[in-house]
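Next come the chains, spelled out residue by residue.
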Amino acid sequence: MADLLWDDVKCFFDPDLMGSLPDVRVPDASVEDWQTVLDLVAEKGWNQYSEGETVLPVPRAGAVLSRPADAECPDLRVWPTADVLAIFRFHAADEVDFDVDLRELQGQERLDVFCDFLREIGRRLGKPGLMEPEGDAGHPVIGFDVEDDRVALLADPQVR
């Protein structure tokens, strides 16, 4: 059974309401958590790592997170399926963060892909993964609940 039903949450996947690239994050993370995510992504074969336009082998988390402040911001492009992309940004060691494009996440099938992906990360880290409107940190609408081991609705769809 699906964690979430499309008809119940589709307002949170509306690019006009949420911004086309909502923020997805795992707060209270560490370099070790980042490494765990990198290991998961490599294990699943989901990735392409780049710095600027240069595609490179995926580095260790400690190396990428300790790059000089003026270095290119690296991206880890992750495809949980061929047509769903998540882009991880290495802004800080204490928060695993990535963007998804809501235009790619329309309908129950794509929602299930997103929920599976968020659940995989949350389970591996043992931490919640939260989706917030673009640029609206601190107001999660959907997230992985560690205790219930599922992706759950965190906001009332009628409020937004």
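Above this text you will find the structure in question.
Notes on the structure in this doc start here. The written sequence of each chain sets the order in which its residues are numbered from 1. Given that the model is predicted, a residue must reach a pLDDT of at least 70 before its local features are reported, and side-chain atom pairs must reach 80 or more before they are shown or counted; all residues, however, enter totals for whole chains, interfaces and linings. Heavy atoms throughout the structure, all of them, feed into the side-chain values; hydrogens and water do not.

Comments concerning helix α5 (residues 108-125)
Between its first and last C-alpha atoms α5 spans 25 Å; for 18 residues at 1.5 Å apiece the expected length is 26 Å, and the two agree. Only protein chains enter the calculation, and the probe is 1.4 Å; a residue is then buried if its accessible area is under 20% of its type maximum, exposed if over 50%, and partly exposed in between. We count a stretch as a helix when DSSP gives it H or I for four or more residues in a row; a strand needs E for two or more, and each element gets its number in order from the N terminus. Considered for burial, the residues of α5 that qualify are L111, V113, F114, C115, F117, L118, R119, I121, G122 and L125. One or two steps after α5, the chain reaches G126, where phi turns positive at roughly 70 degrees. Multiplying one less than the number of residues by 1.5 Å gives the expected span of a helix.

Observations regarding unusual backbone geometry
Phi is positive for D28, which is not a glycine, with a value near 55 degrees. Within the element layout of this structure, D28 appears in the loop between β1 (23-26) and α3 (31-44). Even without a glycine there, the phi angle at D149 is positive, about 55 degrees. Turning to its location among the elements, D149 is positioned in the loop between β8 (142-145) and β9 (150-153).

Side note on the environment of R89
In this structure, R89 sits in strand β5 (residues 84-92). For the pair R89 and D23, spaced 66 residues apart in sequence, the C-alpha separation works out to 11 Å. Throughout, a residue-residue contact means that at least one pair of heavy atoms, one from each residue, lies within 4.5 Å. Once residues lying within four places of it in the same chain are set aside, the contact partners of R89 are W34, P74, D75, D97 and D99. At a separation of 2.7 Å, a polar atom in the side chain of R89 contacts the side chain of D75. Think of a polar contact as two N or O atoms within 3.5 Å of one another; within protein, one of them needs to be a possible hydrogen donor and the other a possible acceptor, and neighboring residues in sequence only count if both atoms come from side chains.

With respect to the pairing of strand β4 (residues 74-81)
Sheet analysis places strand β2 (residues 47-51) next to β4, joined by 5 bridges and oriented antiparallel. Looking at the pairing, Y49 lines up with L76 of β4. Counting the residues in the hairpin turn of β4 and β5 gives 2 residues. Between any two strands, pairing holds if DSSP finds at least two bridges.

Section: the sheet that holds β1
Ordered by their spatial adjacency, 9 strands build an open sheet running β3-β2-β4-β5-β6-β1-β7-β8-β9, and the pairing between neighbours is antiparallel. Each edge of the open sheet carries a strand with a single partner, namely β3 (54-56) and β9. Sheet twist, expressed as the mean angle between neighbouring strand axes with direction ignored, is 30 degrees. Of the pairings in the sheet, the one linking strand β7 (residues 130-132) to β8 comprises 2 bridges and is antiparallel in character. Inter-axis angles, ranging from 0 to 180 degrees, are taken between N-to-C directions of lines fitted to C-alpha atoms, where helices are fitted over the stretch in contact.

Structural notes on the pattern of salt bridges
We count a salt bridge whenever a side-chain nitrogen from Lys or Arg sits within 4 Å of a carboxyl oxygen from Asp or Glu. By the definition in use, this model includes 14 salt bridges. Taking the shortest distance from any N to any O, the salt bridge between R124 and E43 comes out at 3.1 Å. Of the two residues, R124 is situated in helix α5 and E43 in helix α3; the sequence distance between them amounts to 81 residues. With a closest N to O distance of 2.9 Å, D116 and R119 form a salt bridge. Highlighted residues: D116 and R119, both in helix α5, separated by 3 residues, approximately one helical turn. Note on D116: relative accessible area 39%, which makes it partly exposed. Relative accessible area serves as the criterion here: at 12%, R119 is assigned to the buried category.

Some remarks on the packing of α3 against α5
Here α3 crosses α5 at 130 degrees, and the two axes come no closer than 10 Å. Viewed along their axes, α3 and α5 adopt a mutual orientation that is oblique. Where α3 crosses over α5, the two elements pack in a sense that is right-handed. Judged by residue contacts, D33, T36, V37, L40, E43 and K44 of α3 engage E120, I121, R124 and L125 from α5. Here the angle decides the label: under 35 degrees means roughly parallel, over 145 means roughly antiparallel, 65 to 115 means roughly perpendicular, and every other value means oblique. In this scheme, a crossing is called left-handed if the near helix is turned counterclockwise away from the far one by less than a right angle; it is called right-handed if the turn is clockwise.

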